Amino acid sequence: MEGLTSAQAAQARKNVVPRRSSRSFGAIVRANVLTLFNLVIGVLWALILIFGHWQDSMFGLVIVANALIGIVQEWRAKRTLDRLAVINEAPVTVRRDGRDQELPPHEVALGDLVLLGPGDRLLVDGEVVHSDGLEIDESLLTGEADPVHKRPGDQALSGSFAVAGSGAFVATRVGTDAYAVRLAEEASKFHLARSELRDGVRNFIKYITWLVLPIGALLTYSQLRNSADFGTAITGAVAGIVTMIPEGLVLMTSIAFAVGVVRLGRRKCLVQELPAIEGLARVDVLCLDKTGTLTAGGMDLDQVLPLGDDRPVREALAALANVDHRPNATAQAIQVRYPSTPDGWLATETVPFSSARKWSGADFGPHGAWVLGAPDVLLDEDHDGYRRAAKLAATGARVLALCRTGGLAAVTDGGGPGATGGPGAEIECVALVTLKQRIRPDAHETLEYFARQGVTVKVISGDNPEAVSAIATGLGIPDGHRAIDARTLPEDDPDKLAEILDTNAVFGRVTPRQKRQFVAALQARGHTVAMTGDGVNDVLALKDADLGIAMGAGSPATKAVAQVVLLDNRFATLPHVVGEGRRVLANIERVSNLFLTKTFYAIVLSLLTGVLGMMFPFAPRHSTLVNALTIGVPALFLALAPTLERARPGFVPRVLRFAVPAGVVCAAAVMLSFWAAHSDTSTLNQDRTAAVIALFLTTWWVLVLIARPLNWWRVVLVASMAALFAVALALPFVRELFALEPAGTASDLTAVGISAVAAITISVAVRLAGTLRA
């Protein structure tokens, strides 16, 4: 099997698939420019330019600002995602010109001979032409968890992955023709988020849009009826409609997500699906796979302990370690000491290692059949080798049993503790092999962080329970000394399984199927579950978890299904990952409170002015000034601020409990100040100026409440906004620009007094709403 030549590959169709991590620059521009908000604000902008004063049209600049900021931030996020996605792409091994080569996925061509080993993900469809015990897991496509043995002539579908053995197939469908790509075409499109957060913002926008239409029509009618000046009427109507629209809310949400992606990217953390940013914040249970997560990648062969004197232990170990062309981590560790196959040890039959079997083996003809695997799978509990292995495992070492047998079928068909095979009558334990695992130096500190943050850690491993317990105890995991053997867990009682999971933290001998069951059981108890892993046996659980986190050195299949990939393999990156998610959620909730308070006071004011048939209490330029100082500028800082607040469900009700009472009280203060300032001698601008003072002071107090806790930079932020408003009132040219015309000390002090009462009322109302919730 020579594969294609370079000339043939150059002419063949390539495996080009659009990245799911980002969209094109044109799509980004369209998404940020062609929005409903921009259309509405653009029409209102045009009306003011035609019928009003140019100073009242400054709100239209929000279209330009929103579009530019959104495009720049999302473009930065796109560049980060694309760069990290390239780093994350596992090369594909193909045979061209008669030699094996590693190529980027997009260079695989139709007709290429693709070589497979354990953990390799199939990126194209093809026909198997060679199989050496090749087993492929198609569960991500079919839902069937059992691996499928592949023989020459069988179909191999993209989206599946090799779990055992090795083989090769010829690519018959590539690019967008591949099976998995066609299935995932819609699901893989770029999206900013699909979550409670985004759904909440979307619902806000939908309901507000329906409210704006009738209230805007009523307001326009009342302004036209009460003003002899058509321009003044249009200006008043536009002021109310523009203020009702939370035009910056979607922008700030998008910015927070995009900046989160960029920040995590700087820490070599690839967020493959942006909704994962929210999942990071909501996680309350973290399931850790011991190998590759708590322990560093790779192992070292420690001891080889023969149980007799007349068996070729070293030769058998060397032969088993070198029989597979794509050795796993265990075989690689043994190969360091035994780098070559002994003379005459030619395998006539092999059974590759799989996580389900927990052993591998080969028949070496005259030298007999040998297997290497877990002692508690291959040996009976009363076997001396089993007892010695248990003592060694209790020290934290990984222990394997080297056994000789009359034939591999004796292991495969034997009964006993193994799930897919056990000790047959002809199995003889010849030696015990111990391997040292390296604890990650940052594991202890990282686990302490999660304990402080209230995230429960569950160690779930396929290794011996005693070995897992020793690692967990050394890392200070609560109840780490009490490891549960997963083979004793109930198979058909999800409630009982969930109860055991809730009360225990360490589990050994967990099969891939059980890992998936663990995730489902925890989710059924209302937990938000994150799962980390690096091996093929973690794929199903990673896919089903609320948040799948893969190590960068993990198998291609693992990285393909995870939402987050730690490209530098640093377990210590996880606290930053969780912290970034919490920052995004907490800050978007803050800015949502700001924007929706504005929306609700605008709705109340528009209804009052429309029903009572009076002029709107401020002009668009007034709204531009107040919104910039109490919402626009502060929201930009608050949306990106650091925070450690734990995310909680109920985003929409919480925001409404704050925004509705705050908005109603702000509207009442503005209307009272507007009425109090009116007299036979006052002008509309003077009445509106008193209302603007009340509007600023009440919404500024809302900003103070939202910005809490007030550290030094938040105090500077809110104080700066107050100072800028005072400057606007003090400087004549600024007063003229924003049509501010104070009527006198009495009128202004009245507005200040009303605002002070309103601020106290808002504080009480918000606190009362919080008390009622609790």
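Computed from a predicted model, the values in this text were never measured in an experiment. (Residues numbered from 1 in each chain as written. Predicted model: local features only at pLDDT ≥ 70, side-chain atom pairs only at ≥ 80, totals over all residues. Heavy atoms only, no water.)

## Section: the overall build of the chain
Thought 1: Of the regular secondary structure elements, the chain holds 29 helices and 21 strands.
Thought 2: Residue pairs at least 24 apart in sequence account for 73% of intrachain contacts in the chain once pairs closer than 6 positions are excluded.
Thought 3: Of the roughly 31,700 Å² of accessible surface on the chain, 58% is carried by carbon and sulfur atoms. (Helix = DSSP H or I, 4+ residues; strand = E, 2+ residues; numbered from the N terminus. Contact = heavy atoms within 4.5 Å. Areas by Shrake-Rupley, 256 points an atom, 1.4 Å probe, with all protein chains shown as cover.)

## Re the sheet that holds strand β8 (residues 269-271)
Thought 1: Spatially, 8 strands are ordered β8-β21-β20-β19-β9-β16-β18-β17 in an open sheet, and the strand pairing comes out mixed. A single partner strand is all that each edge strand has here, and the edge strands are β8 and β17 (483-485). Each strand of the sheet is rotated relative to its neighbour by a mean of 20°, with strand direction disregarded.
Thought 2: Relative to strand β20 (residues 547-551), strand β19 (residues 529-533) runs parallel, the two being bridged by 4 bridges. (Pairing = 2+ DSSP bridges. Axes fitted to C-alpha atoms, helices over the stretch in contact; angles between N-to-C directions.)

## Brief notes about the confidence of the model for the chain
Thought 1: Residues with a pLDDT of 70 or more make up 88% of the chain, whose mean pLDDT is 82.
Thought 2: At the low end of the mean pLDDT range in the chain sits helix α5 (residues 139-142), at 64; at the high end sits helix α27 (residues 712-730), at 94.
Thought 3: In this model, residues 186-194 is a region of pLDDT below 50 whose contacts with residues beyond four sequence positions or in other chains number 20 contacts.
Thought 4: The low-confidence segment residues 414-425, where pLDDT is below 50, has 30 contacts with residues more than four positions distant or belonging to other chains. (pLDDT = per-residue confidence, 0-100.)

## Let's talk about the packing of helix α23 (residues 573-612) against helix α26 (residues 684-707)
Thought 1: Where α23 meets α26, the closest approach of the two axes is 9 Å, and the angle between their N-to-C directions is 155°. In terms of axis orientation, α23 runs roughly antiparallel to α26. Handedness of the α23/α26 crossing: right-handed. Residue-level inspection shows R590, N593, L594, T597 and Y601 of α23 in contact with α26, the latter providing L695, T699, V702, L703, I706 and A707.
Thought 2: Class assignment for the residues of the contact of α23 with α26 results in 7 nonpolar, 3 polar and 1 charged. (Parallel < 35°, antiparallel > 145°, perpendicular 65-115°, else oblique. Left-handed = near helix turned anticlockwise from the far one by under 90°. Nonpolar A, V, L, I, M, F, W, Y, C, P; charged D, E, K, R; others polar.)

## Side note on the environment of Q11
Thought 1: For Q11, the location among the structural elements is in helix α1 (residues 6-11).
Thought 2: A sequence separation of 99 residues divides Q11 from L110, and the C-alpha atoms of the two residues are 9.4 Å apart.

## So, the packing of aromatic side chains
Thought 1: Summed over the entire model, instances satisfying the criterion amount to 5 aromatic pairs.
Thought 2: Seen from their ring centres, F696 and F725 are 4.1 Å apart, and the 5° between their planes marks the pair as stacked. Taken as a pair, F696 in helix α26 and F725 in helix α27 lie far apart in primary sequence, 29 residues in all.
Thought 3: An aromatic cluster is present here, built from W345, F364 and W370 joined pairwise through their rings.
Thought 4: One cation-aromatic arrangement involves R357 over W359; the distance from NZ or CZ to the ring centre is 6.0 Å. (Phe/Tyr/Trp six-rings, centres within 6.5 Å; stacked < 30°, edge-to-face > 60°. Lys NZ or Arg CZ within 6 Å of the ring centre and 35° of its normal.)

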